[in-house]
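For reference, the chains in residue letters:
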Amino acid sequence: MRYLITFSYDGSKYSGYQKQLDVNTVQSELEKALTTLNNDTVSVSASGRTDAGVHALNQQAHFDLNINITVDKLKMALNSLLPKYIYVKKVEEVDPDFHARFNVKQKEYIYKINIGEYNPIEVDYIYQYNKELNIDKMKEAIKLFEGTHNFKSFASADDIRDNYERTIFKTNIDISNNIITISFVGNGFLRYMVRNMVGTLIEIGEGKVLDINKILDSQDRTKAGKTAPSQGLYLKEVSYN
């Protein structure tokens, strides 16, 4: 039986989502718990990977089990085995050909920035920028990301691929109590893409003259802004066809 789980995690406690040798990751914890339940090795496929320090509010992943268990009991059993920094919110049965990554319709990422006084309690969860930014300029610039573009300028320099084209459906910037929340909804995101877009918006908010359209057209990572720190980034939602 194939199952789809919706789960959240505190990325500050892991070296990213994807399993790696000799480091603790979210995927390795999920597969360890599921293998214990299944009495056989279980591989987990997520909607995408998140880097070290990046959080998820509603990540999605699928896996196959050869035991007979209800979705409610599976949720309870998983949460009893997983560390306290990972929580399964929902379990569903899905078709055998469903794929958590390849069936994605859109994703939403949000990024949080504190422009008020430094808060040591939130240092792992909100980027402590702690200075003023020109929000109006940032709101104007972020709209230029919307639409279908080649985002090579905003991908990690070591993200080598044939296709850098992605579509951003919607963007938004809100501010409340000195916390800026930046959101991007798109059909997919390249490695570091959101953090590089946010870093560019921060530099625009600082007063630097950066032309988003020219940066996109250049397909040159060096033309965009610095990579924003990981701790402010959250995978908020994943939607499927």
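The structure this text deals with has already been given above.
As a starting point, this report considers the structure included with it. (Residues numbered from 1 in each chain as written. Predicted model: local features only at pLDDT ≥ 70, side-chain atom pairs only at ≥ 80, totals over all residues. Heavy atoms only, no water.)

So, helix H2 (residues 71-81)
All of the buried residues along H2 are Leu74, Ala77 and Leu78. Looking straight down H2, one finds its buried side chains confined to an arc of 100 degrees; they lie on one side. Facing away from the buried side of H2, by more than 90 degrees, are the exposed residues Asp72, Met76 and Ser80. Packing partners of the buried residues in H2 comprise strand E1 (2-9), helix H1 (26-38), strand E3 (55-64) and strand E4 (86-94). (Buried < 20%, exposed > 50% of the residue type's maximum accessible area, 1.4 Å probe, protein only. Helix = DSSP H or I, 4+ residues; strand = E, 2+ residues; numbered from the N terminus. Arc of directions from axis to C-beta. Contact = heavy atoms within 4.5 Å.)

Remarks on the side chain of arginine 221
As for its position among the elements, arginine 221 is in the loop between helix H5 (212-218) and strand E10 (233-240). Salt bridges are absent for the buried arginine 221, whose nearest opposite-charge side chain, glutamate 203, sits at 7.7 Å. Reaching out from arginine 221, the side chain makes a polar contact with the backbone oxygen of glycine 225 at a distance of 3.0 Å. Side chain to side chain, arginine 221 and threonine 227 meet in a polar contact 3.2 Å long. (Lys, Arg positive; Asp, Glu negative; His and termini not counted. Salt bridge = Lys/Arg side-chain N within 4 Å of Asp/Glu carboxyl O. Polar contact = N/O pair within 3.5 Å; in protein donor to acceptor, adjacent residues only side chain to side chain.)

Concerning the pattern of salt bridges
The final tally for this structure, using the stated rule, is 10 salt bridges. In this structure, lysine 13 and aspartate 10 form a salt bridge, with 3.0 Å as the shortest nitrogen-oxygen distance. The class of lysine 13 is partly exposed, set by a relative accessible area of 34%. The partner of aspartate 159 in a salt bridge is arginine 161, with the nearest N and O atoms 3.0 Å apart. Judged by its relative accessible area of 9%, aspartate 159 is buried. Overall, the relative accessible area of 36% leaves arginine 161 in the partly exposed class. Each of the salt bridges in this network shares a partner with another, and the network as a whole consists of Asp51, Asp158 and Arg191.

Comments concerning the nonpolar core
Of all hydrophobic cores here, the largest spans 69 residues; its most connected members are Phe7, Phe63, Ile113, Ile182 and Phe184. If one sorts the elements of this core by residue count, helix H4 (residues 193-205) sits on top with seven residues. When near neighbours in sequence (up to four residues on either side) are disregarded, phenylalanine 7 contacts Tyr17, Val26, Leu30, Leu57, Asn58, Gln59, Gln60, Ala61, Ile86, Tyr87, Val88 and Lys89. (Core = buried A, V, L, I, M, F, W, Y, C linked by side-chain atoms within 4.5 Å.)

Function cannot be inferred from these measures alone, as they are strictly geometric.
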